[in-house]
Structures are given as C-alpha cells and as structure tokens.
There are 2 protein chains.
Amino acid sequence: MYIEKINSPSDVKNLNIEQLEVLAAEIRKGLMNRLSKKGGHFGPNFGFVEATIALHYVFDSPKDKIVFDVSHQSYVHKMLTGRKEAFFDDAHFSDVSGYTNPQESEHDFFNVGHTSTSVSLACGLAKARDLKGDNENVIAVVGDGSLSGGEALEGIDFSAELDSNFIILVNDNDMSIAENHGGIYKNLKALRDSNGSCECNLFKAMGHDYLYVSEGNDIGKLIEAFEKVKNIDHPIVVHINTLKGKGYAPAETEKENWHWCAPFDVETGEQKFGGAGEDYDSLTCDYLLKKMKSDPKVATVVAAVPVCIGFTEEKRKEAGKQFIDVGIAEEHAVAMVSGIAKNGGKPVFATHSSFFQRTYDQISQDLCVNGNSATLLVNTASVYGMNDVTHLGIYDIPMMSNIPNLVYLAPTNCEEYFAMLDWSIEQSKYPVAVRIPCNGVIHTDKPVEKDYSDINKYQITRQGEKIAIIALGDFYQIGEELAKLIAEKTGIAPTLINPRYITGIDEEMLENLKKSHSKVITLEDGILNGGFGEKIARFYGSSDMKVYNYGLKKEFLDRYSVKEVLEENHLTPELIFNDIN
Amino acid sequence: MYIEKINSPSDVKNLNIEQLEVLAAEIRKGLMNRLSKKGGHFGPNFGFVEATIALHYVFDSPKDKIVFDVSHQSYVHKMLTGRKEAFFDDAHFSDVSGYTNPQESEHDFFNVGHTSTSVSLACGLAKARDLKGDNENVIAVVGDGSLSGGEALEGIDFSAELDSNFIILVNDNDMSIAENHGGIYKNLKALRDSNGSCECNLFKAMGHDYLYVSEGNDIGKLIEAFEKVKNIDHPIVVHINTLKGKGYAPAETEKENWHWCAPFDVETGEQKFGGAGEDYDSLTCDYLLKKMKSDPKVATVVAAVPVCIGFTEEKRKEAGKQFIDVGIAEEHAVAMVSGIAKNGGKPVFATHSSFFQRTYDQISQDLCVNGNSATLLVNTASVYGMNDVTHLGIYDIPMMSNIPNLVYLAPTNCEEYFAMLDWSIEQSKYPVAVRIPCNGVIHTDKPVEKDYSDINKYQITRQGEKIAIIALGDFYQIGEELAKLIAEKTGIAPTLINPRYITGIDEEMLENLKKSHSKVITLEDGILNGGFGEKIARFYGSSDMKVYNYGLKKEFLDRYSVKEVLEENHLTPELIFNDIN
C-alpha cells in the first residue's frame with residue numbers, strides 16, 4: 001500500500017497520477033475504518049480525498065499554509081501529514097481530534113470548528129507573510145455551505161484587495177449540512193452549469209480572479225489547476241466541483257444523513273445511533289410542528305442545523321413555509337426573528353449554544369435593545385453537550401445572561417421546558433431564550449407553572465432550613481441529590497430552589513432566606529465566571545450569608561470525560577457536602 | 001415654506017416635483033440648523049434628502065415599512081414623519097435621537113445604530129407579513145459602506161430567496177465613514193460606470209433582481225424608479241448613486257470629515273471640537289505610528305473607524321501597508337489578527353467597545369481557542385463613552401472577560417496604558433485586550449510596571465487596613481477619592497488596589513487581605529452583572545469578608561447624563577461611604 005510510505009507531504013510528491021489514484025482508494029479505506037467504528041464527518045472527507053492529495057502534491061506544507069474551514073474535511077490532510085495511524089489503527093483513533101489542531105501537527109495552523117473562518121484566518125497568515133517579506137503560498141479551503149456565513153463573505157471581500165499571493169479554494173459539492181439556502185447558490189449553480197464561464201460571477205463581483213475546475217474529484221485535473229495558481233502574485237478563487245460522500249453509494253445519495261455519521265455497518269450503511277428513548281430534538285420538533293399547524297404566525301428558524309431540533313427533511317416539508325433554514329447565517333437569523341416578532345409573528349430560532357456565539361451583537365442590538373418577543377432556543381448548552389474545544393456549550397450563561405432585557409430561562413425537566421417554550425412563544429413582551437435541558441429527558445408528575453411573566457420569581461420546591469440550594473436548569477437534579485444527602489447526613493433538610501430565571505435574581509426570596517438560613521449553595525451547568533451564582537454571591541456580599549458557587553472553571557476543555565470534569569469542579573453531592581462542612 | 005405643511009408622509013404626496021425640490025432645499029435648511037448647532041451625521045443626511053422624499057412620496061409609511069441601516073441617515077425621514085421641530089426649532093433638538101426610534105414614531109420600526117442590520121431586520125418584517133397574509137411593501141435602506149459587513153451580506157443572500165415583495169435600496173455614495181475597502185467596491189464602481197448594465201453584478205450574483213438609478217439626488221428619477229418597484233412580487237435591489245454631503249460644498253469635498261460633524265460655523269465650515277488638551281486617540285496613533293516605523297511586523301487594524309484611534313487620512317498614508325482598514329468587517333478583523341499573530345506578526349485591532357460586540361465568537365474561537373498573541377484595543381469602553389442606546393460601552397467586561405485565555409487589562413492612567421499596550425504587542429504568549437481609559441488623559445509621575453506577564457497579579461498602591469478598595473481601570477480615581485474620604489472621616493486609611501487584570505483574580509492577595517481587612521469594595525466602569533466585582537464576591541462568598549460591588553446596573557441607557565447615572569448607581573465617594581457604614 002502506498003499509504004504505508006506516506007509520512008509527510010513530500011512522500012506524496014514521489015507518486016505519479018496513477019499511483020495517487022490508488023492512494024486515494026487506500027485513503028478511503030482508512031476513512032471507512034475510522035468512520036464506521038467511531039463515527040464522524042463522512043461526506044466532507046470522502047468528497048475531498050482527491051483535492052487534499054492534489055494540494056499536498058503541488059504545495060509545500062507547512063511552508064505553504066493550508067487553512068481548512070470548519071476543518072471537518074481535514075481527515076485526509078491528517079493522513080498525509082504523519083497521522084495515518086489514527087485512521088488505520090483502531091488503537092490510535094483518539095490520537096487525533098476531528099478538526100485541525102496545531103497541537104497535533106505543524107501542518108495544522110488553527111483549531112477550527114465553527115464555519116466561515118478560513119478566509120479571514122488565512123488572510124492573517126498572508127498579511128504577516130507580507131509584513132515579514134516572506135513568499136509562501138497561503139491557501140484557504142472553504143466549502144460552498146460556509147459561503148453564506150458573514151465572516152466568510154467579509155473575508156472574501158477583504159482578501160480581494162490583497163496585492164500578494166492568496167488562494168481561496170472553494171470546495172463546491174452543492175450541499176451544506178442539509179441543502180443550501182440563499183441567493184448565491186443560484187450563482188454557484190450557474191457557474192457549474194457554464195463550466196465557470198458565465199459572466200455574472202459572485203467571486204469576480206467580489207473582486208477576485210477566478211479559475212473553475214469541473215472535475216473536482218480528478219487528481220490530474222486538480223494538480224493542473226493548482227500548479228497554475230501556485231506562486232500566483234495576487235488573490236484568486238479556485239472553484240472546484242466535488243461530489244460529497246464520493247466513493248460510498250449511501251453517502252453519495254443520502255448526502256444529509258451522511259454529512260456526519262454515527263458508527264455504521266459498512267455493508268448495509270445502517271448507522272447505529274444511541275438509545276431508543278426519548279430525546280429533546282424530536283420532542284421539540286413535534287411540539288413546534290403542532291404549534292405551527294395550529295397558528296400560522298409561528299415560525300421556526302434554524303441556521304443550517306435543522307436536525308439539532310429534529311427537523312429532518314420530512315418534517316421540514318411538513319412544516320412548509322413556517323420552517324425557515326437561513327443557511328449558515330446566525331447573525332441574520334437573530335436579526336430576522338426580531339423583525340418577525342416586531343411585525344406580529346411568533347418566531348423561534350434554535351441552534352447550538354456554541355453557535356449562538358456568532359450572535360452576541362444581534363441578541364443585544366437587533367433583539368434586546370428593541371425588546372421584541374422572539375424566542376431563542378439554546379441547544380447542547382451543557383457540560384453534557386458536545387465536547388470538542390470548538391463546540392463547547394458551557395459559555396452561553398455569561399455570554400447571554402448579562403445582556404439587558406433578555407429573559408433567559410432554565411427548565412429543570414421536560415414538562416417545565418415545554419411550558420416555558422410555550423409561554424415564550426405566546427407572550428409579546430420580552431425577548432426570551434430557553435436553555436434546552438441536556439441531561440436526558442426527565443419527567444415530573446408535579447404540575448408546572450404555565451405563566452412565566454412574573455419575571456425573576458424563583459420557586460421553592462422544598463422548604464427547609466439552614467442551607468438553601470439554588471439549583472439552576474439541568475443541574476437541578478444534582479441539587480435534589482445534594483439536598484437528600486445533607487438531610488441524610490445531618491438530619492436537617494435544606495431548602496431546594498428552582499430559580500428558573502438565569503437573567504435575574506429574586507431579591508425578595510433571597511432576602512427572606514436570611515431569616516432561617518446561613519448557607520446558600522448555587523449550582524449551574526456552565527462556567528462560573530460571569531454566570532449565575534456570582535450574582536447570588538454579589539447579592540449576599542455584605543451580609544452574613546455564606547455563599548458557595550458551584551459550576552465549571554473558566555477554561556477551554558477538549559474531548560473531556562464529563563465525569564472527570566464534574567469531579568474536578570467538585571460537582572458531586574459528596575464533594576459539595578465535604579466542602580461546606 | 002412647504003415643510004410647514006408636512007406633518008406626515010401623506011402631506012408629501014400632495015406636492016408636485018417642482019414643489020418637492022423646493023421642499024428638499026427647505027429640509028437642508030433644517031438639517032443645517034440642527035447640525036451646525038448640535039453636530040451629528042452630516043454627509044449621510046445631506047446626501048439622502050431626495051431619496052427620502054421620493055420614498056415617502058411613493059410608499060405609504062407606516063403601512064409600507066422602511067428600515068434604515070445604521071439609521072444615521074434618518075433625519076429627513078424624521079422631518080417628514082411629524083418630527084420637523086427637532087430640526088427647525090432649537091428648543092426641540094432633544095426631542096429626537098440621532099437614529100430611528102420606535103418610541104418616537106410609528107414610522108420607525110427599530111432602534112438601530114450598528115451597521116449592516118437593515119436587510120435582516122426588514123426580512124423579518126417581510127416574513128411576518130407573509131405569515132399573516134398581509135401585502136405591504138418592505139424596504140431596507142443600506143449604504144454602500146455597510147455592504148462589507150457580514151450581517152448585511154447574510155441578509156442579502158437570504159432575502160434573494162423570499163418569494164414575495166422585498167426591496168433593498170442601496171444608497172451608494174462611494175464612501176464608508178472613510179474610503180471603502182474590499183473587493184465588492186470595484187464591482188459597485190463598474191455598475192456605476194456602466195449605468196448599472198455590466199454583466200458581472202454583485203447583487204444579481206447573490207440572486208437578486210436589480211434596478212439602477214444613476215441620478216440618486218434627482219427626485220423625479222427616484223420617484224419613477226420607486227413606482228416601478230412598488231408592490232413588486234419578488235425581491236429586488238434598487239441601486240442608487242447619491243452624493244454624500246450634497247448641498248454643502250465643504251461636505252461634498254471633504255467627505256470623511258463631514259460624515260459626522262461637531263457644531264460648526266456655516267459660513268466657514270469650521271467645526272468646533274472640544275478642548276485642545278491631550279486625547280487618547282492621537283496619543284494612541286502617535287504611539288502606534290512610532291511602533292510601526294521601528295518594527296515592520298507591527299500592524300494596526302481598524303474596521304471603518306480609523307479616526308477612533310486618531311488615524312486621519314494623513315496618518316494612514318504615513319503608516320502605509322502596516323495600517324489596514326478592513327472596512328465594516330469586525331468579525332474578519334479579529335480572525336485576521338489571530339492569523340497575523342500566528343504567522344509572527346504583531347497586530348493591534350482597535351475599535352469601539354460597542355462594535356466589539358460583533359466579534360464575541362471570533363474572540364473566543366478564532367483568537368482565544370488558538371491562544372494567538374494579537375492585541376485588541378477597546379475604545380470608549382466606559383460610562384464616559386458614547387451615550388446613545390446603540391453605542392454604549394458598558395458591556396464589554398462581561399462580554400469579553402469571561403472568555404478563557406484572554407488577558408483583559410484595565411490601565412488606570414496614561415503611562416500604564418502605554419506600558420500595557422507595549423507589553424501586549426511585544427509578548428507572544430496571550431491574546432490580550434486593553435481597555436483604553438475614557439476619563440481624560442491622567443498622568444502619573446510614579447514608575448509603572450513594564451512587564452505584565454505575571455498574569456492576574458494585582459498591585460497594592462497604598463497599604464492600609466480594615467477596608468480594601470479594588471478600583472479597576474478608569475474608576476481607579478474614584479477609588480483614590482474614596483480612600484481619601486474614608487481616611488478623613490474615620491482616621492483609618494484603607495488599602496487601595498489597582499487590579500490591572502480584568503480577567504482573573506489574585507487569589508494570594510485576596511487571601512492575604514483577610515488578615516487585616518473586614519471589608520472589600522470593588523469599583524468598575526461597566527455593568528456589574530457578569531463583571532469584575534462579582535468574581536471578588538464569589539471568592540469571598542463563604543468567608544467573613546464583607547464585599548461591596550460598585551458599577552452600573554444592567555440596563556440599556558439612552559442619552560444619559562453621566563453625573564445622574566453615577567449617582568443612581570451610588571458611584572460617588574460620599575454615597576459609597578454612607579453605604580458601607
């Protein structure tokens with residue numbers, strides 16, 4: 001096998017086209033080995049095998065610098081830059097992350113996981129090169145799906161004015177995670193249909209030189225194109241048309257399902273998803289579908305991750321025009337839902353906690369300054385959420401909860417979650433965000449509040465004495481266990497509080513606690529810095545109340561064990577009990 | 001005068017073209033009256049007189065909905081929608097803000113002040129219209145300068161797929177605040193030069209129908225164009241070419257200086273700027289210019305507000321290629337400086353606190369996850385900064401300081417500011433932000449620290465007892481006054497601490513304080529929620545130390561008196577002294 005001899009990109013250069021094609025087949029075997037057993041980004045990598053080989057054949061990495069967008073398509077690059085064992089040898093799977101990672105290799109320049117950043121990051125490398133008087137090639141790889149993101153468009157616009165080498169490789173497979181949305185995709189189609197020759201050209205309109213390669217899975221054609229632009233003295237867009245999932249029939253036909261895959265049976269293509277129990281994705285989808293059917297003013301908005309709230313292709317069809325996928329365009333989504341609410345609609349925008357980071361300014365300016373009653377649905381906002389360093393869901397409380405006017409709600413169980421969501425959709429007074437629980441679907445048989453318009457009123461779920469536990473959102477269950485433990489160990493039952501509102505404090509209740517309590521414990525599923533518990537600590541700052549805040553340390557975690565992180569942060573009933581005694 | 005009879009847009013419809021032209025001249029008199037006495041956005045309004053008249057002549061506001069981008073060009077709209085006194089009658093100047101404002105008029109749909117939001121906000125109005133089955137026109141006004149912003153590009157891309165009425169009015173005066181930057185401006189020029197007929201067309205490439213009006217200051221031509229698109233059943237871009245500052249010679253020729261003006265002498269065009277003393281804009285510019293000349297690897301980056309750090313046209317020329325204006329593209333700027341630092345450059349990106357809000361995700365993901373040593377210079381981050389609700393500088397501490405890996409520094413005087421900035425530029429270990437003081441240029445004759453690499457080490461500037469005052473950044477001077485007052489009133493001098501680091505706490509020092517102090521007072525120039533003082537409160541939460549946090553309430557302020565806001569928040573030495581005793 002040729003792959004056995006490939007330890008760095010220079011080894012790629014020793015092969016001829018025929019050999020490189022064999023190498024491509026070998027690489028797909030390595031991808032298949034890892035992906036079928038471990039899961040990961042399937043379509044993006046299978047489609048980009050030839051382009052990666054050609055890039056490393058033509059350019060001289062790491063002197064020449066390749067920056068991958070999202071970098072979920074960098075598996076092949078990893079194989080060619082000394083990390084092939086992580087694909088061929090099961091014992092080495094965990095040697096590499098699913099994204100580029102400078103800690104792994106000098107061929108990786110950035111930790112990347114969010115979309116639409118490669119052009120801007122690469123611009124920086126190019127600018128520094130020019131300041132230093134160096135002359136390497138800088139190549140930004142970006143998929144067609146990422147082109148709808150504002151950061152990518154800003155970067156493409158800016159980079160057109162560089163007066164030095166800069167190559168943007170647009171990997172166009174005519175797909176985002178799901179289908180693409182936005183006017184630019186009509187132009188990409190026109191470019192593909194005209195073999196790159198149609199006069200109206202997005203990239204030229206943004207000031208770039210342009211080269212089209214129709215056969216984006218043909219190593220020879222790609223090498224020819226890359227050799228043309230190598231050492232070019234100005235910016236250029238190289239637009240290649242690839243087939244997402246190429247080389248595996250199920251992935252070629254069912255592109256959305258194979259963008260990312262769970263472990264699967266190679267023969268049948270059947271993916272092995274986790275437990276068959278309830279999950280909030282499909283519960284949320286069912287709820288919203290029903291809501292939309294009963295009220296034409298309700299709209300569900302997503303930004304290229306429809307399945308994050310269960311909207312499969314079928315469900316999207318069912319929702320019709322009330323379901324809006326804006327593409328990768330979170331900023332636009334938040335501003336738009338503000339406008340929908342302003343004009344009498346009832347919009348819900350859902351995405352992952354980590355992707356809400358794109359919208360701080362829009363939440364503040366477009367939404368909260370205007371006080372429009374849109375609903376933001378914050379998913380995987382939890383230590384139990386995604387655990388790659390670029391996709392963490394533990395920062396949204398400090399990011400969002402300190403924005404004035406926003407009402408950010410933290411449900412503690414399934415019934416409360418849907419009650420909060422329903423209240424939010426129906427009210428017309430506040431911008432509201434709801435943090436979807438992430439610790440499994442936990443039901444309650446107790447009645448839950450339907451009306452949350454009495455803002456910042458906490459709920460005492462168990463009246464006790466001496467110690468009060470204020471347990472926010474999906475750490476409420478830790479609070480319950482802690483209360484039980486304290487009662488068992490001391491004979492005195494503490495008070496348990498469900499604060500419900502992340503964005504404010506119930507001063508009256510906190511004041512009352514002083515009468516019969518001497519210790520307050522707060523629990524929150526996110527970093528402590530700038531979070532919920534610190535506000536309680538501030539409230540009691542000059543009083544005799546002792547306040548203990550529990551949550552996560554401010555740090556970037558990566559591929560962590562939840563159990564270990566919880567223990568490190570003393571987030572178990574036993575550790576907390578020891579701390580406070 | 002016709003303007004006397006204009007109390008709502010319907011009155012505009014009664015005039016003929018000739019009369020409307022007279023009205024335009026009258027409107028410019030009103031603009032001149034207000035702007036020469038009060039200052040404000042000159043060029044954008046003078047250039048948009050005819051277009052605003054034509055919009056209100058053709059469309060039926062408020063049924064038809066006009067959304068202004070930035071809305072700094074909405075003065076004429078205000079005059080035509082019942083608010084003319086605010087321009088003609090000096091006693092009524094403060095009746096209106098400098099931006100659209102739904103609290104002022106049903107003809108204003110959003111509080112807007114940041115750029116590039118109008119298309120997305122208007123999309124929301126259009127979507128809600130369609131959900132409700134209504135049929136009004138929705139018009140988004142956006143300037144050419146705002147087109148480089150990611151949010152605008154996302155909105156333009158998305159809106160092309162609306163299958164209903166949507167009109168984007170591109171007001172192209174070939175200027176941002178300063179000159180435009182980015183590849184799309186070559187295309188706008190080509191469109192202007194070809195009377196809108198060139199085949200390669202940015203807007204068509206983004207999926208839009210298109211109409212060009214070369215004479216964007218000709219009321220008749222504009223009415224004709226707007227009538228063509230009124231009630232159109234699909235999205236269209238109407239691209240008009242206007243003259244920024246039209247009608248006042250100094251503004252037509254010196255467009256950058258007249259984008260925004262201070263009060264001025266109408267005869268001479270001489271603007272009356274405030275005090276002739278030192279200011280941080282020009283001091284920062286001088287420092288950076290010197291730094292860039294001595295080191296070719298240093299680069300200064302701005303996003304369309306070069307003068308925010310003193311870089312006038314002349315200074316920009318002097319800096320040459322080491323000065324980079326990315327246009328309105330803050331997201332791109334932060335990602336790019338991360339890339340510059342990664343490849344060995346020494347970049348500094350400066351903008352206003354309020355505009356850093358666009359970059360939360362880029363600071364977190366592109367910069368801090370990667371740990372690259374770029375410098376962010378945060379301007380007007382203060383209660384003493386800009387005081388429109390859309391431009392407040394009091395939220396950056398909670399927004400930025402809870403992002404892992406960032407070192408956010410708060411200098412307390414001029415010498416410390418430049419020492420911190422210099423350290424930041426020269427070190428290669430941390431992403432660093434520096435909060436430019438905003439309470440005047442205060443000098444010290446004491447030596448200041450040159451090396452800030454001992455992260456989170458606070459500085460005791462005066463050792464005392466009983467009470468410790470931790471006074472952050474430009475509230476340090478309030479801390480000094482408070483210390484003096486306490487010593488005077490009680491005879492016991494408190495300890496005064498300059499914490500310097502916003503992003504961390506000096507646990508050792510705080511622990512030590514317990515020995516001889518019973519009260520800690522924190523002071524910070526920003527909202528308390530999620531800020532600096534709460535971290536101190538958390539640290540001492542379970543101890544006997546009494547903690548008093550002083551800063552601002554979490555709220556959106558608007559056109560406030562600094563003195564009143566400080567008093568409301570007990571931010572005077574006297575009020576604090578009373579509180580703690």
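A brief structural summary. (Residues numbered from 1 in each chain as written. Chains lettered and ligands numbered in written order. Predicted model: local features only at pLDDT ≥ 70, side-chain atom pairs only at ≥ 80, totals over all residues. Heavy atoms only, no water.)

1. So, the overall build of chain A
Keep this limit in mind: The helix count covers DSSP runs of H or I at least four residues long, the strand count covers runs of E at least two residues long, and both are numbered beginning at the N terminus. Throughout, exposure labels follow a simple rule: accessible area from a 1.4 Å probe, protein chains only, divided by the maximum for the residue type, with under 20% read as buried, over 50% as exposed, and the rest as partly exposed. In this analysis, two residues are considered to be in contact whenever any of their non-hydrogen atoms come within 4.5 Å of each other. The accessible surface values rely on the Shrake-Rupley method and a 1.4 Å probe; as for residues, cover is taken only from the protein chains in view. We score Asp and Glu as negative and Lys and Arg as positive, and we do not count His or the chain ends. For the purpose of locating charges, the reference atoms are NZ of Lys, CZ of Arg, CG of Asp and CD of Glu.
Within chain A one finds 24 helices and 18 strands. Taken over the C-alpha atoms alone, chain A extends approximately 80 × 55 × 50 Å along its principal axes. Looking at chain A as a whole, 68% of its 581 residues qualify as buried. For chain A, restricting intrachain contacts to residue pairs at least 6 apart in sequence, the fraction spanning at least 24 positions comes to 76%. Counting every atom, chain A has about 18800 Å² of accessible surface; 48% of that belongs to carbon and sulfur. The positive charge centre, built from 57 side chains, and the negative charge centre, built from 85, are 3 Å apart in chain A.

2. Some remarks on the environment of B:Lys535
Its place among the elements puts B:Lys535 in helix H22 (residues 533-539). Take B:Lys535: its relative accessible area is 4%, and that puts it in the buried class. Among all residues touching B:Lys535, those that are not within four sequence positions of it are A:Asn529, A:Gly530, A:Glu534, B:Ser401, B:Asn402, B:Ile505 and B:Gly530.

3. Structural notes on the sheet that holds strand E16 (residues 495-498) of chain B
Residues and elements named next belong to chain B. Selection criterion: The rule for pairing is simple: two strands pair if DSSP sees at least two bridges between them. Angular values range over 0 to 180 degrees, each being the angle between N-to-C directions of two axes fitted as lines to C-alpha atoms, with helices fitted over their stretch in contact.
Spatial ordering of the open sheet is given by E14-E16-E15-E17-E18, a layout of five strands whose pairing is mixed. For this open sheet the edge positions go to strand E14 (459-462) and strand E18 (546-552), each flanked by a neighbour on one side alone. Each adjacent strand pair in this sheet contributes to an overall mean axis angle of 25 degrees, direction not counted. As paired elements, strand E17 (residues 517-527) and E18 share six bridges and run parallel to each other. Paired with Lys519 across the bridge in E18 is Lys546.

4. Here's the deal with the interface of chain B and chain A
What counts is decided by this rule: In short, buried area is how much 1.4 Å probe accessible area vanishes from two parts on joining, totalled over both. Salt bridges are identified by distance alone: a Lys or Arg side-chain nitrogen within 4 Å of an Asp or Glu carboxyl oxygen. Any pair of nitrogen or oxygen atoms within 3.5 Å is treated as a polar contact; in protein, a donor-acceptor pairing is required on top of that, and neighbouring residues in sequence qualify only through side-chain atoms on both sides. Side-chain classes are defined by residue name, with Ala, Val, Leu, Ile, Met, Phe, Trp, Tyr, Cys and Pro counting as nonpolar, Asp, Glu, Lys and Arg as charged, and the others, Gly among them, as polar.
Each partner contributes residues to the interface: chain B has 110 residues there, and chain A has 110 residues. For the pair chain B and chain A, the two sides together bury roughly 9000 Å², of which 56% comes from carbon and sulfur. Along the contact surface separating chain B from chain A lie ten salt bridges. Note that B:Asp544 is salt-bridged to A:Lys546, the shortest N-O span being 2.5 Å. At the surface where chain B touches chain A, the tally comes to 58 residue pairs in polar contact (both at pLDDT 80 or more). A total of ten residues in the side of chain B that touches chain A trace back to one element, the largest contributor, which is helix H7 (residues 118-132) of chain B. Of the residues contributing to the side of chain B that touches chain A, the split by class is 42 nonpolar, 39 polar and 29 charged.

5. Side note on the relation of the copies chain B and chain A
Using the following cut-off: Fitting of the copies onto one another was done by least squares over C-alpha atoms, counting residues only where both copies have pLDDT of at least 70.
Note on the copies: chain B fits chain A at an RMSD of 0.0 Å, the axial shift is 0.0 Å, and the rotation between them is 180 degrees. The superposition operator between the copies reduces to a two-fold rotation axis. Looking at the interface residues of chain B, 100% of them are also at the interface in chain A, so both copies use one shared face.

6. Looking at the packing of helix H20 (residues 476-490) of chain A against helix H24 (residues 573-580) of chain A
Residue and element names in this part refer to chain A. Put simply, the rule reads: Roughly parallel means an angle under 35 degrees; roughly antiparallel means over 145; roughly perpendicular covers 65 to 115; every other angle is labelled oblique. Handedness of a crossing follows from how the near helix is turned relative to the far one, being left-handed for an anticlockwise turn of less than a right angle and right-handed for a clockwise one.
Relative to each other, H20 and H24 sit at 55 degrees, their axes nearing to 9 Å. What the angle tells us is that H20 and H24 run oblique. H20 and H24 meet at a crossing whose hand is right-handed. Only Pro573, Glu574, Ile576, Phe577 and Ile580 of H24 make contact with H20, whose side of the interface consists of Ile478, Glu481, Leu482, Leu485, Ile486, Lys489 and Thr490. Across the contact of H20 with H24, the residue classes tally to eight nonpolar, one polar and three charged.

7. Regarding the packing of aromatic side chains
As a reminder, the rule being used: Aromatic contacts are taken between Phe, Tyr and Trp rings whose centres are within 6.5 Å, Trp giving its six-membered ring; a plane angle under 30 degrees counts as stacked, one over 60 as edge-to-face, and the others as tilted. The criterion is that NZ of a Lys, or CZ of an Arg, lies within 6 Å of the ring centre and within 35 degrees of the ring normal, and then a charge sits over that ring.
The tally for this structure, following the rule as stated, stands at 43 aromatic pairs over all chains. With a centroid separation of 4.0 Å and an interplanar angle of 5 degrees, the aromatic rings of A:Phe42 and A:Phe46 are classed as stacked. Using a relative accessible area of 0% as the deciding quantity, one classes A:Phe42 as buried. A ring pair is formed by B:Tyr384 and B:Phe475, whose centres lie 6.2 Å apart and whose planes are at 70 degrees; its orientation type is edge-to-face. Of this pair, B:Tyr384 sits in the loop between strand E11 (375-379) and helix H18 (396-401) while B:Phe475 is found in the loop between strand E15 (466-471) and helix H20 (476-490), placing the two residues 91 residues apart along the sequence. An aromatic cluster is present here, built from A:Phe42, A:Phe46, A:Tyr248, A:Trp258 and A:Phe264 joined pairwise through their rings. Positioned above the aromatic ring of A:Tyr75 is the side chain of A:Arg34, whose terminal nitrogen or guanidinium carbon lies 6.0 Å from the ring centre. The ring of B:Phe87 has B:Arg34 lying over it, and the distance from NZ or CZ to the ring centre is 5.2 Å.

8. Comments concerning the sheet that holds strand E5 (residues 209-213) of chain B
Residue and element names in this part refer to chain B. Spatially, the five strands line up as an open sheet ordered E2-E3-E4-E6-E5, and their pairing is parallel. Bordering the open sheet on either side are strand E2 (65-68) and E5, each of which pairs with just one other strand. When the angles between neighbouring strand axes are averaged without regard to direction, this sheet yields 20 degrees. When E5 meets strand E6 (residues 235-241), the two strands line up parallel, connected through five bridges. Within the sheet, the bridge partner assigned to Asp209 lies in E6 and is Ile236. Against the sheet, helix H11 (residues 219-229) contacts strand E4 (166-172), E5 and E6, and its axis sits at roughly 165 degrees relative to E5.

9. Regarding the side chain of A:Asp157
Mapped onto the elements, A:Asp157 comes out in helix H8 (residues 150-159). Residues in contact with A:Asp157, not counting those within four places in the same chain, are A:Met206, B:Ser148, B:His181, B:Gly182, B:Gly183, B:Ile184 and B:Tyr185.

10. Looking at the pairing of strand E8 (residues 298-302) of chain B
Residue and element names in this part refer to chain B. Here is the rule: Handedness is read with the strands pointing away from the viewer; a crossover is right-handed when the path from the first strand over the helix to the second is clockwise.
Of all five residues in E8, five are buried; the element is thus mostly enclosed. Inspection of the sheet shows E8 paired to strand E10 (residues 346-352) by five bridges, in the parallel sense. Each residue of the ladder has a partner; that of Ala299, found in E10, is Pro347. The pairing of E8 with strand E9 (residues 323-325) spans three bridges and is classified as parallel. In the strand pairing of E9, Val301 is matched with Ile324. Tracing the backbone out of E8, into helix H14 (residues 313-319) and back to the parallel element E9 gives a crossover that is right-handed.

11. Looking at unusual backbone geometry
Note: most peptide bonds trans; most residues except glycine with negative phi. Following A:Ser61, the chain continues into A:Pro62 via a peptide bond in cis, with omega recorded as 10 degrees. You can see A:Pro62 is positioned in the loop between helix H4 (49-58) and strand E2 (65-68). One non-glycine residue, B:Asn405, adopts positive backbone phi at about 75 degrees. Here B:Asn405 shows up in the loop between H18 and strand E12 (407-409). B:Asn405 gets classed as partly exposed once you look at its relative accessible area, which sits at 40%. Positive phi values are uncommon outside glycine, yet B:Asn456 reaches one of about 70 degrees.

12. Here's the deal with the pattern of salt bridges
All chains considered together, the criterion is met by 72 salt bridges over all chains. Among the ionic pairs, A:Glu534 bridges to B:Lys535, the shortest N-O distance being 3.8 Å. Of this pair, A:Glu534 sits in helix H22 (residues 533-539) while B:Lys535 sits in helix H22, each in a different chain. We note that A:Glu534, like B:Lys535, is buried. The partner of B:Asp134 in a salt bridge is B:Lys132, with the nearest N and O atoms 3.6 Å apart. Classification of B:Asp134 as partly exposed rests on a relative accessible area of 37%. A residue is classified by how much of its surface remains accessible, and B:Lys132, at 32% relative accessible area, is partly exposed.

13. A few points about the pairing of E15(B)
The side chains of a regular strand alternate, first on one face of the sheet and then on the other. Residues and elements named next belong to chain B. Extensive coverage of E15 is indicated by the burial of five of its six residues. When E15 meets E17, the two strands line up parallel, connected through six bridges. Residue pairing for E17: Ile470 is matched across the bridge by Thr522. Pairing of E15 with E16 involves three bridges; the strand directions are parallel. Looking across to E16, one finds that Ile469 is bridged to Leu496.

14. Concerning helix H19 (residues 414-426) of chain B
Residue and element names in this part refer to chain B. Stated formally: For a helix, the expected span equals 1.5 Å multiplied by the number of residues minus one.
Here H19 contains 13 residues, and its C-alpha end-to-end distance of 18 Å stays within 8% of the 18 Å for a straight helix at 1.5 Å per residue. Counted residue by residue, H19 has ten buried out of 13 residues, so it is predominantly covered. Inspection of H19 places Cys414, Glu416, Tyr417, Phe418, Ala419, Met420, Leu421, Trp423, Ser424 and Ile425 among the buried residues, and these make up the whole buried set. Of the residues flanking the start of H19, the one acting as N-cap is Asn413, its side-chain oxygen 3.2 Å from the backbone nitrogen of Glu415.

15. Examining the packing of helix H7 (residues 118-132) of chain A against H8(A)
Residues and elements named next belong to chain A. Following both chains from N to C, one finds H7 and H8 inclined at 35 degrees, their axes separated by 8 Å at the closest point. Contacts between H7 and H8 involve Val119, Ser120, Cys123 and Lys127 on the former and, on the latter, Glu151, Gly155, Ile156, Phe158 and Ser159. Class assignment of the residues belonging to the contact of H7 with H8 gives a composition of four nonpolar, three polar and two charged.

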